[in-house]
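Residues per chain are reported as follows:
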Amino acid sequence: MNVLIVRTSSMGDLIHTWPAITELKTHYPNIRLSWLTEESFADIARLHPQVDEVLTLSWRSWRRRLWQPAAWRELKALQQKLRDARFDLVLDSQGLLKSAIPARWARAPLAGLDWSSAREALASLFYDKKHKVSRKLAAIARNRQLFGLSFGYAPEGQPLFGVRPGERPSWMLSGRYAVLLHATSRASKEWPEARWVALGTALSSHHDMVTVLPWGSDKEKARAERLAAQLPAAVVAPKMSLGEAAGLLGHASAVIGVDTGLVHLANALNVPVAAIYTDTDPQQTGVVETPWATNLGNIGQCPTVDEVLAALQSRRDWT
């Protein structure tokens, strides 16, 4: 069976789809699985070993270049590629117009969420088969249930992401290190810089860890450099691809991060994680809590440094 999964963005949403893919391939190992996603997140889709092919689109780029013939040629080339693939089933697990429209380009039976379940109800009008999935469920559980309803099985057990880290970065010094994921999409989700400094100092002084500060924009790089200048043992990471970030996170002794896609990637790689929430509800978008991962905070709450350290010290295999 030739199947296309459509989940175009964002990083955390793609990562939350991994357990559903792992479970699907456990039930149907002979399915050939393709994934359509935004080009900027293609590395996330490629990290899952059960994905046979990754197809990409560039909505953001196309929107900026709609008056240019090249943009329309790229769009039509993707449409033709989707049709030529002759998929037996397409599953749009995102439930947005921007995912439902390209899913329809494949001209194959299309499944997705029903009117009351989709994030954008109008997207359900594009689907041939519609499934009801409670919006109160956490993102991973919603994906698993949608996949199960679409392929005829009931999800069971704990979610399994099914991915492995890449190689430890060659630029990273030997020894133990902690990754501080300080960057996020909104200022309201940030953790105070003074707390990052206090945390990094404690990790270096009491746990003999170098702290690593990744970044993705000039503003985030400036913050990383500002924090590193105040820490006793810190490294500002170079610009990394998502695949390289997976290698950095997967070999860390601890990852502490705010509500961002990379903290979910660390969670999927089964390293000790403390996820900090200040403006979102971890019941909906938090990491999967395990013996080595925990959520801290909530809307209007701001965890303390001591709470973060206590959470890490209670995690299995951290010290």
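These remarks concern the structure in this document. Small disclaimer: the values here were computed from a predicted structure and weren't measured. (Residues numbered from 1 in each chain as written. Predicted model: local features only at pLDDT ≥ 70, side-chain atom pairs only at ≥ 80, totals over all residues. Heavy atoms only, no water.)

1. What to know about the overall build of the protein chain
Counting its secondary structure elements, the protein chain contains 13 helices and 12 strands. Relative to the compact-globule value of 20 Å for 319 residues, the protein chain shows a C-alpha radius of gyration of 20 Å, a close match. Its C-alpha atoms give the protein chain principal-axis dimensions of roughly 60 × 45 × 35 Å. Relative to its 319 residues, the protein chain shows a buried fraction of 55%. Within the protein chain, residue pairs in contact and separated by at least 24 positions form 57% of the contacts whose partners lie at least 6 positions apart. For the protein chain, the accessible surface area stands at approximately 14300 Å², while carbon and sulfur atoms represent 51% of it. When the 37 positive and 30 negative side-chain charges of the protein chain are each reduced to one mean point, those points stand 6 Å apart. (Helix = DSSP H or I, 4+ residues; strand = E, 2+ residues; numbered from the N terminus. Rg over C-alpha atoms; globule rule 2.2 N^0.38 Å. Buried < 20%, exposed > 50% of the residue type's maximum accessible area, 1.4 Å probe, protein only. Contact = heavy atoms within 4.5 Å. Areas by Shrake-Rupley, 256 points an atom, 1.4 Å probe, with all protein chains shown as cover. Lys, Arg positive; Asp, Glu negative; His and termini not counted. Charge placed at Lys NZ, Arg CZ, Asp CG, Glu CD.)

2. A few points about the side chain of Gln94
Following the sequence through the fold, Gln94 ends up in the loop between β4 (89–92) and α6 (97–105). At a separation of 2.8 Å, a polar atom in the side chain of Gln94 contacts the main-chain amide nitrogen of Thr8. Reaching out from Gln94, the side chain makes a polar contact with the backbone oxygen of Ser9 at a distance of 2.8 Å. Look past the residues within four positions of Gln94 in its chain and what remains in contact with it is Val6, Arg7, Thr8, Ser9, Ser99 and Arg119. (Polar contact = N/O pair within 3.5 Å; in protein donor to acceptor, adjacent residues only side chain to side chain.)

3. Quick word on the nonpolar core
Proteins that are soluble and globular tend to have nonpolar side chains buried together. Ranked by internal contacts, the top residues of the largest apolar core, which has 60 residues, are Trp18, Val179, Leu249, Val255 and Val273. Setting aside its immediate chain neighbours within four residues, Val273 contacts Val255, Val263, Ala266, Asn267, Val287, Trp292, Ala293, Thr294 and Leu312. Counting residues in hydrophobic clusters, the runner-up holds 25 residues, among them Trp196, Leu203, Ile256 and Val308. (Core = buried A, V, L, I, M, F, W, Y, C linked by side-chain atoms within 4.5 Å.)

4. Description of the sheet that holds strand β6 (residues 129–131)
On the basis of which strands lie adjacent, the open sheet formed by six strands has the order β3-β2-β1-β4-β5-β6 and parallel pairing. Two strands in the sheet have a free side with no partner beyond their single neighbour: β3 (53–57) and β6. Adjacent strand axes in the sheet meet at a mean angle of 20°, parallel and antiparallel pairs treated alike. In this structure, β4 lies alongside strand β5 (residues 110–113), joined through two bridges in parallel fashion. The residue of β5 that forms the bridge with Val90 is Leu110. Contacting β1 (2–6), β2 (32–38) and β3, helix α5 (residues 69–84) crosses the sheet at an angle of about 150° to β3. In this fold helix α7 (residues 139–151) packs onto β1, β4, β5 and β6, with an angle of close to 155° to the strand it touches most, β4. (Pairing = 2+ DSSP bridges. Axes fitted to C-alpha atoms, helices over the stretch in contact; angles between N-to-C directions.)

5. Let's talk about the pattern of salt bridges
Taken as a whole, this structure holds 12 salt bridges when the rule is applied. Of the charged contacts in the structure, one is a salt bridge between Asp13 and Arg7, with a shortest N-O distance of 3.7 Å. Taken as a pair, Asp13 and Arg7 share a single burial class, namely buried. A salt bridge links Asp279 to Arg186; the nearest nitrogen and oxygen atoms lie 3.0 Å apart. (Salt bridge = Lys/Arg side-chain N within 4 Å of Asp/Glu carboxyl O.)

6. Some words on the pairing of β2
Of all seven residues making up β2, six are buried, and the element is well covered by its neighbours. Here β1 pairs with β2 via five bridges, running parallel. Paired with Leu4 across the strands is Ser34, a residue of β2. Both β2 and β3 contribute to a ladder of five bridges, which runs parallel. Among the inter-strand pairings, Glu38 is bridged to a residue of β3, identified as Leu57.

7. Observations regarding the sheet that holds strand β8 (residues 210–213)
Here six strands make up an open sheet; going across it, the order is β9-β8-β7-β10-β11-β12 and the pairing parallel. Either end of the sheet is taken by a strand with one partner, and the two such strands are β9 (234–236) and β12 (293–297). The average undirected angle you get between the axes of adjacent strands in this sheet is 20°. In this structure, β8 lies alongside β9, joined through three bridges in parallel fashion.

8. What to know about helix α8 (residues 193–207)
For α8, built from 15 residues, the straight-helix expectation of 21 Å at 1.5 Å per residue is met to within 8% by its first-to-last C-alpha distance of 20 Å. Within α8, the full set of buried residues consists of Trp196, Val197, Leu199, Gly200, Ala202, Leu203, Ser204 and His207. Buried residues along α8 sit against β7 (177–181), β8, α9 (218–228), β10 (254–257), β11 (273–277) and α13 (305–314). Trailing α8 by a residue or two, Asp208 shows a phi angle of about 55°, which is positive. (Expected span 1.5 Å × (residues − 1).)

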